[in-house]
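Summary of structural features
Letter by letter, the chains look like this.
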Amino acid sequence: MRSAKGLLRRIATEPLALFLLLGLGLFALEGWWSGRHELVVVSSAEVARIEDLWRAQMGRAATPEELEGLIEQHVREEVLHRAALELGLDRDDVIVRRRLAQKMAFLLEDESSIREPSTGELRAHWREHPQRWQRPARVSFQHVYWSAESRGEGAADAARATLAKLRQASDGGSNDATTADPTDPIDADSAWRALGDPFMLQRELGDRARSEIAGLFGDEFAAQLDDLPVGAWQGPVRSSFGAHLVRVLARSETEQPSFEEVRARVRDDLLARRRAEASERAYEELRARYRVRIER
């Protein structure tokens, strides 16, 4: 016992021994603390990324106080993310699961592995898929509208009556341009804008593809428009809104552009196809690592 007390007195009076003892204690404490706390590292590259993102959004550099707040927000997200992973929340959340799968799919595409296509390959792709580069047929037209919601079947009747007056005016009838009553004379060239019911869209549309017209008026209207002659009022033409009189002003046919005109589009399309194919091959390699058992 005396020898132990003497040893402790010598350690207490010996600076080097006391320093070593304190070091061992701190080392043990640090190990205990580290075992209870994970390390969150915010690298200089991450700080730079946070600063760049702020500058891009706000148009100026962050103040020191703002930067500290941004870094603390990043740490907060990282801490909550790790806690969520520990609880397995990523496995039970469909949105998180799909997002992670989507990010992995982006990684599989790996643009660096896609070789730039040669001119010969581009021309071959252009010839193999001519329909991809076609300019669709387009049409310009004017229309007068009657509401099916407010008039019912009377919308088509009003359109027919007005069409008769428009044709009469075109053949040299009266030129009263102020009336919207289908029983009164009409100026076919100027008064048509005042006819019919109010319409939420434009009364004159120029150079529109069939798909655009179908999106606005419905497929039935677009299909009927294909068969109308140019220059004369026709109808009634039904749409998803009601009945219309239509005057086609101009029509262009489908065009097949030259290779040089669409070269950039051909390149983008071919690269997108190659990325998709590379991604699918990479997925198949990943898929081969797993056995799947479906329990029903």
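What you are looking at is a predicted structure, and each value in this text was computed from that prediction instead of being measured.

Next up on the list: the overall build of the protein chain. Secondary structure summary: the protein chain contains 12 helices and 4 strands in total. Surface summary for the protein chain: the accessible area is close to 20,800 Å², and the carbon and sulfur share equals 54%.

Before going further, it helps to examine the environment of Gly242. Mapped onto the elements, Gly242 comes out in strand 4 (residues 242-252). By relative accessible area, Gly242 is classed as buried at 6%. For the pair Gly242 and Ser150, spaced 92 residues apart in sequence, the C-alpha to C-alpha distance is 9.4 Å. What Gly242 contacts, discounting residues up to four positions off in sequence, is Tyr145, Trp146, Ala148 and Val237.

The N-to-C vectors of helix 6 (residues 94-109) and helix 12 (residues 263-287) enclose an angle of 115°; their axes lie 8 Å apart at closest approach. The orientation of helix 6 with respect to helix 12, classified from their angle, is roughly perpendicular. Crossing hand, helix 6 versus helix 12: right-handed. Contacts from Met104, Ala105, Leu108 and Glu109 in helix 6 reach Arg275, Ala278, Ser279, Ala282, Tyr283 and Leu286 in helix 12. Looking at the contact of helix 6 with helix 12, its residues break down into 7 nonpolar, 1 polar and 2 charged.

What counts and what doesn't
Residues numbered from 1 in each chain as written. Predicted model: local features only at pLDDT ≥ 70, side-chain atom pairs only at ≥ 80, totals over all residues. Heavy atoms only, no water. Helix = DSSP H or I, 4+ residues; strand = E, 2+ residues; numbered from the N terminus. Areas by Shrake-Rupley, 256 points an atom, 1.4 Å probe, with all protein chains shown as cover. Buried < 20%, exposed > 50% of the residue type's maximum accessible area, 1.4 Å probe, protein only. Contact = heavy atoms within 4.5 Å. Axes fitted to C-alpha atoms, helices over the stretch in contact; angles between N-to-C directions. Parallel < 35°, antiparallel > 145°, perpendicular 65-115°, else oblique. Left-handed = near helix turned anticlockwise from the far one by under 90°. Nonpolar A, V, L, I, M, F, W, Y, C, P; charged D, E, K, R; others polar.

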